[in-house]
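The lines below spell out each chain.
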Amino acid sequence: MKALVLSGGSGTRLRPFSYSMPKQLIPIANKPVLEHVLENVRNLGVTEVGIIVGDRAAQISAVIGDGARLGLRITYIQQEEPLGLAHCVSLAQEFLGDDDFVMYLGDNMLPDGVEAIAREFAEQRPAAQIVVHKVADPRAFGVAELGQDGRVEQLVEKPEHPRSDLALVGVYFFTPAIHEAVAAISPSARGELEITDAIQWLVTRGDQVTASTYDGYWKDTGRADDVLDCNRKLLDGLTHSVRGQVDEASVLIGPVVVEEGAQVIGSHIVGPAIIGAGTLVEHSHIGPDTSIGRDCVLRRTHLDFSIALEGATVTDVRGLHGSLIGRMAIIGPADGRTPHHRLVVGDHTTIEVAA
């Protein structure tokens with residue numbers, strides 16, 4: 001089995017971050033979302049991975065490389081414009097050949113993994129197997145309607161009156177039958193080749209299409225709130241580790257990772273929290289549920305339930321909560337007062353925080 005990972009989206013819901021970096025490279029627990037996805041793929045026993053990339057291809061390949069670091073062999077497949085998920089399958093047909101494959105959206109986090117579902121697919125080998133998750137309000141999702149035998153009868157995109165609470169997760173398993181389906185469908189009203197239309201084509205033809213329920217944590221990291229929530233979830237499993245320097249005046253409570261080259265001086269850190277390599281934390285209160293990237297500087301700052309990306313500087317701001325701070329951003333006080341703030345700050349941005 002091969003894998004097709006989709007990383008060509010523009011990430012409009014994550015602006016201002018997605019102006020300067022692909023949304024799939026946003027770090028969760030100090031590791032890019034795409035890297036988490038690729039590790040999940042590797043855990044399925046898959047080593048041949050095609051990654052669909054758009055106009056941010058160079059940035060993605062600079063971080064992921066040829067996949068050797070992750071135990072994978074990666075082929076990058078260019079998509080000139082976003083024309084739908086089924087269009088991605090069409091572009092990758094030469095790479096996929098006659099192999100079965102898993103298609104995985106590169107901004108979806110499923111930390112509990114889909115290994116059991118992959119085994120079901122390998123044993124039963126339906127033409128297509130979708131992964132679904134029960135949700136409280138299905139109207140915002142593609143929804144699967146199942147028959148009494150568990151087979152998929154119909155897929156409905158964002159139904160006004162849902163007949164099912166089973167939302168499609170961004171993971172699909174396919175045999176080569178999907179290529180015939182993709183070739184048979186036409187663009188939707190929004191001008192895209194929809195993977196739901198291709199799967200529905202298989203259903204209508206009478207092919208076996210099944211659904212497997214994923215009961216673990218699932219998050220589409222398309223918004224800042226989702227990124228922060230997912231960061232908190234992944235930090236729950238953190239193991240305490242100190243490889244950097246922590247002085248005697250500092251206090252670490254709970255699981256805290258201080259990476260090599262980081263310095264913690266006169267500070268209070270409550271885990272779960274990660275302090276990235278080369279970062280300086282001085283006379284500050286950090287965490288819980290906080291990830292600080294590489295080469296950041298935090299002085300006289302209180303920051304919790306937040307993410308600071310590589311090279312960020314925060315000085316004399318003592319009330320940051322639920323914030324997402326971009327690469328090389330600079331945040332400081334406007335008037336010396338220290339109110340509570342929630343910030344979403346893009347890369348290379350300077351902000352003075354006022355009361």
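Structure shown above.
This write-up is about the structure you can find in this document.

Scoring rules and cut-offs
Residues numbered from 1 in each chain as written. Predicted model: local features only at pLDDT ≥ 70, side-chain atom pairs only at ≥ 80, totals over all residues. Heavy atoms only, no water. Phe/Tyr/Trp six-rings, centres within 6.5 Å; stacked < 30°, edge-to-face > 60°. Buried < 20%, exposed > 50% of the residue type's maximum accessible area, 1.4 Å probe, protein only. Helix = DSSP H or I, 4+ residues; strand = E, 2+ residues; numbered from the N terminus. Pairing = 2+ DSSP bridges.

### Points about the packing of aromatic side chains
In the structure shown here, the tally under the stated rule is 4 aromatic pairs. Summarising the aromatic geometry, the rings of Y172 and F174 are spaced 6.0 Å apart at their centres and angled 5 degrees between planes, so their arrangement reads as stacked. Since its relative accessible area comes to 0%, F174 is described here as buried. Pairwise contacts between aromatic rings join F101, Y172 and F174 into one cluster.

### Brief notes about the pairing of strand 9 (residues 142-146)
Two faces, one strand: in a regular strand the side chains alternate between the faces of the sheet. Among the 5 residues of strand 9, 4 are classified as buried, and the element is accordingly described as predominantly covered. Bridging between strand 9 and strand 10 (residues 152-157) involves 5 bridges; their strand directions are antiparallel. Bridge pairing in strand 10 links A144 to L155. Counting the residues that bridge the hairpin from strand 9 to strand 10 gives 5 residues, and of these G150 lies at a positive phi of roughly 85 degrees.

### Some points on helix 2 (residues 33-42)
With 9 of 10 residues buried, helix 2 is to be regarded as a mostly interior element. The set of residues buried in helix 2 consists of V33, L34, E35, H36, V37, L38, E39, N40 and V41.

Purely spatial values, then, with no claim about function.
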